[in-house]
Every structure is written in structure tokens, then in C-alpha cells.
Protein chains: 2
Amino acid sequence: MQTVSHGIPADEGGGPRLASLLRITRAINQVRELRPLLALLASEASAAIGAERSTVFLYDVSRRELWSFVAEGLERQIWFDAGSGIAGRVFRTRTTSIVNDTRSDPSFNPEIDRRTGFSTRSALTVPIIDTMGKATGVFQAVNKMSGDFDGDDAEFLEAVAGEAAVTIENVRQYEKRRRMFESFVSVLADSIEARDPLTAGHSLNVMRYSSGIAANLGMGTDERRAVEYAALLHDYGKIGVPDDVLRKPGPLDQAEAELMRSHVERTASILAAVEFEEELALVPIFAAEHHERLDGSGYPRGLSGDRISRGGRIIAVADVFEALTSVRHYRDPMSHSEAFEAIASQCGRIFDREAVAALGTYLVAEKLLQEDFVSLSMSSSGSDVPAGSGNLPRPSSR
Amino acid sequence: MQTVSHGIPADEGGGPRLASLLRITRAINQVRELRPLLALLASEASAAIGAERSTVFLYDVSRRELWSFVAEGLERQIWFDAGSGIAGRVFRTRTTSIVNDTRSDPSFNPEIDRRTGFSTRSALTVPIIDTMGKATGVFQAVNKMSGDFDGDDAEFLEAVAGEAAVTIENVRQYEKRRRMFESFVSVLADSIEARDPLTAGHSLNVMRYSSGIAANLGMGTDERRAVEYAALLHDYGKIGVPDDVLRKPGPLDQAEAELMRSHVERTASILAAVEFEEELALVPIFAAEHHERLDGSGYPRGLSGDRISRGGRIIAVADVFEALTSVRHYRDPMSHSEAFEAIASQCGRIFDREAVAALGTYLVAEKLLQEDFVSLSMSSSGSDVPAGSGNLPRPSSR
């Protein structure tokens, strides 16, 4: 066992090892997925050091075990106590270990060889340490093919493990951010649902319908995710609307209606203050436009036609459909077919025709409506509606 | 200009360059701050390549400019249009550039030399590209001291830039996560404030007092941050309490009081669902214990003494002090001195003595109370209070 670093002999190892590190650095900047990247690091390490194989063990916090995230020539994962074996010792002590005869090391755990059918004669094991100084795993090269593992090998493998550490940290940071984001979004969604037991479930349902519409419109992943989050949070501004307005059983007077309508602007300003991922930058805009109407009669900005974002047009359809098919303080629910017909009848004037058609496709796929009924509703609707039909009751949500 | 990579001659460059990359990898895993780390990368690059100096330019999204984040031998920052000069071209095209005679390159911008008093004869410039494939800056080595920059130099500098890229990305991810966290916490805090105009400002004030107490108790940064966030969010569970209870002008009946008290458990369960940073893991616990009382008479768990977390004991004091000094639906505000006296009189029975003393220190420092008054209140309070004084009205918040 030694951790001392030696000078690099220019005539041996320097060339191929430099080339190897250059390839590794390039890969780290180009390969997006952790497993193929670490697999490449393992094979580069084996080749440059002249070892039979290399393994990357990661630490699993909840199981307190090390497991073979990447193991050359190994088909199944191995898991073992992070306190056991040479790898466990390196993980615990965060100190590189060179063992050129495993029989001489009392830490050596022959159980692992028994489980893998492999025979470990010598092992070079280095810790993987993140920038906060915490060990996240170990990098191990086994069975040097000629001669013994030495300090240069250790120094090289430490560098490879260092590259692995930075990459693992990057990926984990990304995952952490995503989990944090989703946990906060859930809290926000639950909060608005908690305000009114009668409309609980509304946000989640609007998200579901919006997602179905977006999928049937062939939206890309990022835009679709933005639509989903905007749908989930579209009513968040209602957090500041008093109960007696929010839950009023009858029609709202003018002041109450204005207060209620103000929720859209409040949603927009609250969401604008949230630091979204770049690819979700449109969430506040989509959410802010769910009460805009194609003919410009909506609010808060009275936008018309395709000046309303696609996300806004989708959520408008999903929101009204969900509201119509649910109990409200001010009326009974409609059936799915009644609600769809009511919305379809306002295609092109209030609602985006494509979004309504996509909702129809979604409802058919979900077996909530018959295909014939959807086609019929869509064909008897839209821009060919006689001018006078503007007097029809307009389907709406609050 | 060339981007082709060459074989590494083992007799020249391989040794020192490998040693340099090994040092860089080690530094990346050990140096926590971006600027000293990139400064080290720049000096390693200059030395290994044999260049006069190296500069790391980063792209500033809002100004659309490149700026010298790290520049060897340069005292002031330089900023320039990301479309201009050799660096601008490399940034835009994301392609390495070797220019061995700057006079021959029409992109060369002599303005930068004029501003820095430096004379650029030759330049090797490589893009810094993150794992999402986006350029975030450029790495430039200038004035090769003997001979011309060649493909090996380019390959080496690309590797150094690759190391820089991964590190920059790690730091930025961390910052992004922090900004995201803070933006969501603000939304949550604003949401609960929006429920009741009369108590608006309460959460922010409780945070301020709690932070002052924590500082005077000599708490470490992480624990203090956890106290601050817990204080800011301690009432979040009230999001589900109906207005007529939340804003009731008189005393609450038993059912209402129970509903009101339930906010603590709701806060705890909501916050438990949030994915906090590891160092903020105590936030849900601190927030959940702000209505516990030293003598075990609090809720929801009836914890006593130091089974209540230190954060919980701090927020309990801050919360009651803030409530007593503010208008409430059910009573007028007390003065700072009346409120402090009321709290001090319950030291050791209801409130943590050290936390109350630390509040006193804070209020004196903020010139809200006189030092004499605080000493007097504290000395006539605490464990030597006669048993019968338990009948005194207990200061509380809802």
C-alpha cells in the first residue's frame, strides 16, 4: 500500500497515458449519460495501466453498500457492505490502496470473487471524492498483467477517478435540482388544492388533459413539460382570493368577479419570480394566458388568435373541459359528451380548433368518448358557425 | 487554423503534460472556488504549452459579451462583444483556432491589445463547451515562446478547457439550484402572507428575529440558515385553514382552535415533502416545533426541555414576540418592552432562557430596547419564578 506520487518517466507510460487522459476529457464533455461515460473511463484505465479489468463502485446511501455501477466483464451487479473488503476500506479511509498480493491483505474479501467467478490477484483501488470532500465511491483496477501496480499507476487512476468524481457530481446535481423543482411544484399544487375541497383535483386533471392534448399535437418534450407545469400551476394566483369569493355558491358580483379574474395576473407574477430551468422558461407565459380567448374576448390582456401562446390555448381548452365536467359551487357537472360538444361548438371563436380536436383524440383513446361522437361534434363546429350563434351560452371556468 | 489531433511524441511534451493534467485533475477535486481553480488551469496551460500567458473568457448572457474571468498578468477585466475578435469567432463557431501570426487573421481585434497594453503575436484559442453542448466561454493561450502553436498544443488546451467546462458547469448548477430554492421559498412565504393582510409581514419578521437570536447564540452558518428558512415557512400549514377561522376577530371555539393548531402538523408534512439541501435537512423539524413549550405544554407533540430542537425553541420565542408586538384580529399590539417582559417572565418554563436572552441582545443592538431594561427583565425572570406564577396569562401566538 502506498499513496506517494512519483515523477512520470517520459519514456514509459507518459505518451499513451496522456493520450488516454485527453480522450477521457473529451468524452466527459461529450457523453451525456453517466454509465457509458464511466464504462469508457474504466476501459481507458485498464488499457493505460495494463490491468485485466476495472470496476467503478458507487455508494448507495440508503443501503450503506457499495455496488458495481460499471464492471468490465461482469454481467450482474454486486452489492456489498461499504465497510467490507479492500474497496470498503478505501471508501471509508478515502485513501488509495495498492495490494499486489491479495492473499497478504487481511481486508481482502474472497466472497466477492466467489460470487463473480473471478480471481483477484492484485488490486489498485482509489476513492472517488466529490468537490465537497465526500467519498461517493471507489475506482478499482485489478490484476496488473505485467509487474506490480506502482505509484504512477495510482496517480493515473486517481486522475481518472477525479474525472469520474466531477462527472458524477454534475449528474447528481442535475438530478437533485430536478427533484427539488418537482417537490416545490407539488407543494404549490397541493396548496391551491387545499384552499377549496370542492375543486381539489382540478389542477391535476387540467394537467392530465393538457398533457394529452400536447402529445396529440406532437409537441416536443420540453414544450410539453412546460405545458404540464403551467397547467398544474395555472390557478396558483387564487391563493390570495378570499374564501367567500372562491367558494361562492351563486353568481359573483362585479367586484368579486374582478377579484377572481385577478388570479391570472397574480399567477403570472408569482410564476415569473420562480427560477425555472431554461427549457421551462415558457411556464409563466402559458399559465398567464389560460383565460385568453381566440376572438380577443378573454383576459387579462385580451390577446387574440395565435398571439396567444400554443400552451395558453391548450390549457384554456383543458381548464374549461375539466371545470364543466366537475361539480362547482355554482352548478352541477356536465357529462363528458355534453362538455365536449359545448367546447367544440366554440371552436375557432373561443377555442383553438386543433387543441379541441386533440382533446377529442385524447378522450377517445382514454375511452371517455366515442370516436363517432367526436368527429360529429368537430364537423358541426368551428369557423362555419353562423354569426348569430355568438349568443350561445359560452362555456367557461372561473 | 487546424483542429486535427496528432500522436503525442513520447520524448517531448508527454511527460510534463501528463504531470500537468494529473495536477489539474487533482486540483479540480480539491479547490472549491472557481476563480483560483481556473487561474491554476491557466498557469498550467501556459507552462505546459510554453505560452506567455493564458486567459479564460466567460460569456455573459445578459450583456452578450465575453469577459476575462481569469487573465494572467492582467489587472483589470476586459469586456468585448462576443461576436468580435478571434475569441468571439471561436465562441461563435465552437471551433479551435490556431493563429501563429495575428497580423494575418482579419478577425484579430487589435483594440484589445490597445486596452491592455499587451502585444499579441500568436494565439491558440479553444471553446469551453458544457455537457449540454453549449459554449460558455473560451480558453486562450497567447505568444508561443518558441516555434508555432501546433495540433498537440491544441489538443492539450482542449483538454484543459474541458476540465474548465465541467468545473464551471458544476459551480453554475450549484448556483442555479440555490436560486431555484430561494425563488420557491419566496413564493411559499408570499403565499401564506397573501392569505391574511393583517398578519402580512409576520413570517419575514419572525425570520428576522430568529436569525438575530441564532447569531447571538453563535450558531454555525448552516444551522442558522436552517433556522431562517424554518422561521420563514413556519406558518405555511395555515394555507389550508379557512378564512373565517384564520381571521376570526374573537376567541376560537374548540373545533376552530383544533383546526388552527393543525397548521403545525400540516407545515411539517408539507415541508417534509420538500427536497431540501442536505445542510437544510432540519428545516421541517425546526418548523414543526415552533409551538412546543419547554414545560411540555405545547403542541403538536408536547415535547419538553431540550427534546425540543434548538431551532424550534428559537422560532417559538421569535414567533410569540412578533405576534405580541403586531396587530391581531383578536387584540391590539403590545410595545416591544411589554412583549419582551411578558416573554422573559416565562423563561425556563415556556421559553428557552438562552433564546430569550439572545433576543434581548438582538433588540438592544437594533435599538428597539434599552440594555438596562433587558437585564432587569431577564434577572427578575426564569427558574426562580415562584410556582404560583404559572397562573400569569401565557403569552402566545395562534
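Definitions and cut-offs
Residues numbered from 1 in each chain as written. Chains lettered and ligands numbered in written order. Predicted model: local features only at pLDDT ≥ 70, side-chain atom pairs only at ≥ 80, totals over all residues. Axes fitted to C-alpha atoms, helices over the stretch in contact; angles between N-to-C directions. Helix = DSSP H or I, 4+ residues; strand = E, 2+ residues; numbered from the N terminus. Parallel < 35°, antiparallel > 145°, perpendicular 65-115°, else oblique. Contact = placed C-beta atoms within 7 Å. Nonpolar A, V, L, I, M, F, W, Y, C, P; charged D, E, K, R; others polar. Least-squares fit on C-alpha atoms with pLDDT ≥ 70 in both. Pairing = 2+ DSSP bridges. Buried ≥ 20, exposed ≤ 12 C-beta atoms within 10 Å, placed from the backbone. Domains from an automatic or database assignment. pLDDT = per-residue confidence, 0-100. Core = buried A, V, L, I, M, F, W, Y, C linked by C-beta atoms within 7 Å.

A few words now on the packing of helix α2 (residues 34-49) of chain B against helix α5 (residues 151-195) of chain B. Residues and elements named next belong to chain B. Axis separation between α2 and α5 bottoms out at 10 Å; the angle between their running directions is 175°. Comparing the axis directions of α2 and α5 gives the class roughly antiparallel. Contacts between α2 and α5 involve Leu34, Leu37, Leu38, Leu41, Glu44, Ala45, Ala48 and Ile49 from the former and Asp153, Phe156, Leu157, Val160, Glu163, Ala164, Thr167, Ile168 and Val171 from the latter. Per-class residue counts for the contact of α2 with α5 are 13 nonpolar, one polar and three charged.

In summary, the two copies of the chain are related to each other by a rotation about an axis coupled with a shift along it. When chain B is brought onto chain A, the operation consists of a screw motion whose angular component is 180° and whose axial shift is 0.0 Å, with 0.1 Å RMSD remaining. On the angle and the small slide along the axis, the relation comes out as a two-fold axis.

Quick look at unusual backbone geometry now. In this model, Tyr299 of chain A is joined to Pro300 of chain A through a cis peptide bond whose omega is 5°. Turning to its location among the elements, Pro300 of chain A is positioned in the loop between α10 (283-288) and α11 (310-324). A positive phi angle, close to 50°, is found at Arg64 of chain B, a residue other than glycine. Along the chain, Arg64 of chain B turns up in the loop between β1 (51-60) and β2 (65-71). The phi torsion at Asn143 of chain B lies on the positive side, around 55°, for a residue other than glycine. Here Asn143 of chain B lies in strand β6 (residues 135-144).

All names here are of chain A. Taking strand neighbours across the sheet as the criterion, the six strands line up as β3-β2-β1-β6-β5-β4 in an open arrangement whose pairing is antiparallel. The sheet is open, and its two borders are formed by β3 (79-81) and β4 (97-99), each paired with just one other strand. Strand after strand, the sheet turns through a mean of 25° between neighbouring axes, direction not considered. Direction of pairing for β4 relative to strand β5 (residues 123-129): antiparallel, over a ladder of three bridges. Looking at the pairing, Val99 lines up with Ala123 of β5. Its contacts with the sheet place helix α5 (residues 151-195) against β1 (51-60), β4, β5 and β6 (135-144), and it is angled at close to 35° to β5.

A few words on the interface of chain B and chain A. Facing 49 residues of chain B, the contacting portion of chain A comprises 48 residues. Elements represented by at least two residues in the side of chain B that touches chain A include exactly α1 (14-30) and α5 of chain B. Per-element tally for the side of chain B that touches chain A: the top contributor is α5 of chain B, with 24 residues. Partitioned by chemical class, the residues of the side of chain B that touches chain A number 23 nonpolar, 13 polar and 13 charged.

All names here are of chain B. The antiparallel open sheet is built from six strands, whose spatial order is β3-β2-β1-β6-β5-β4. For this open sheet the edge positions go to β3 (79-81) and β4 (97-99), each flanked by a neighbour on one side alone. Shown here is a sheet whose adjacent strand axes are inclined to one another by a mean of 25°, direction ignored. Bridge analysis of strand β5 (residues 123-129) against β6 gives seven bridges, and the strand direction is antiparallel.

With that settled, the discussion passes to the environment of Ala45 of chain B. Residues and elements named next belong to chain B. Examined against the element boundaries, Ala45 turns out to sit in helix α2. The class of Ala45 is buried, set by 30 C-beta atoms lying within 10 Å. Separated by 94 residues in the primary sequence, Ala45 and Phe139 place their C-alpha atoms 9.5 Å from one another.

We now examine the pairing of β6 of chain B. All names here are of chain B. In terms of burial, β6 is largely enclosed, as seven of its ten residues are buried. Note that β1 and β6 share seven bridges and pair antiparallel. Opposite Val56, over in β6, you have Phe139 as the bridge partner. The hairpin formed by β5 and β6 contains five residues between the paired strands, and Gly133 there has a positive phi angle of roughly 85°.

Split by domain assignment, chain A resolves into domain 1 (14-173) and domain 2 (196-391). A separation of 53 Å is found between the C-alpha centroids of domain 1 of chain A and domain 2 of chain A.

A word on the confidence of the model for chain A. All names here are of chain A. Residues with a pLDDT of 70 or more make up 93% of chain A, whose mean pLDDT is 89. Contacts from residues 1-13, a stretch scored under 50 in pLDDT, to residues over four places away or in other chains number 26 contacts. Across residues 384-392, where pLDDT falls below 50, the model places three contacts with residues more than four positions away in sequence or in other chains. For this predicted complex, the interface confidence comes out at an ipTM of 0.82, alongside a pTM of 0.83.

In terms of nonpolar packing, the biggest core is built from 112 residues, with Ile213 and Val317 of chain A together with Ile213 and Val317 of chain B touching the most fellow members. Beyond its immediate stretch of four places on either side in the chain, Val317 of chain B contacts Ile213, Ile343, Phe351, Asp352, Ala355, Val356 and Leu359 of chain B.

Moving on: the environment of Asp372 of chain B. Examined against the element boundaries, Asp372 of chain B turns out to sit in helix α14 (residues 371-379). As a C-alpha pair, Asp372 of chain B and Phe91 of chain B span 281 residues in sequence and 64 Å in three-dimensional space.

This brings us to the packing of α5 of chain A against α5 of chain B. Relative to each other, α5 of chain A and α5 of chain B sit at 10°, their axes nearing to 10 Å. Judged on the interaxial angle alone, α5 of chain B and α5 of chain A are roughly parallel. Of the residues belonging to the contact of α5 of chain A with α5 of chain B, the class tally is 14 nonpolar, eight polar and six charged.

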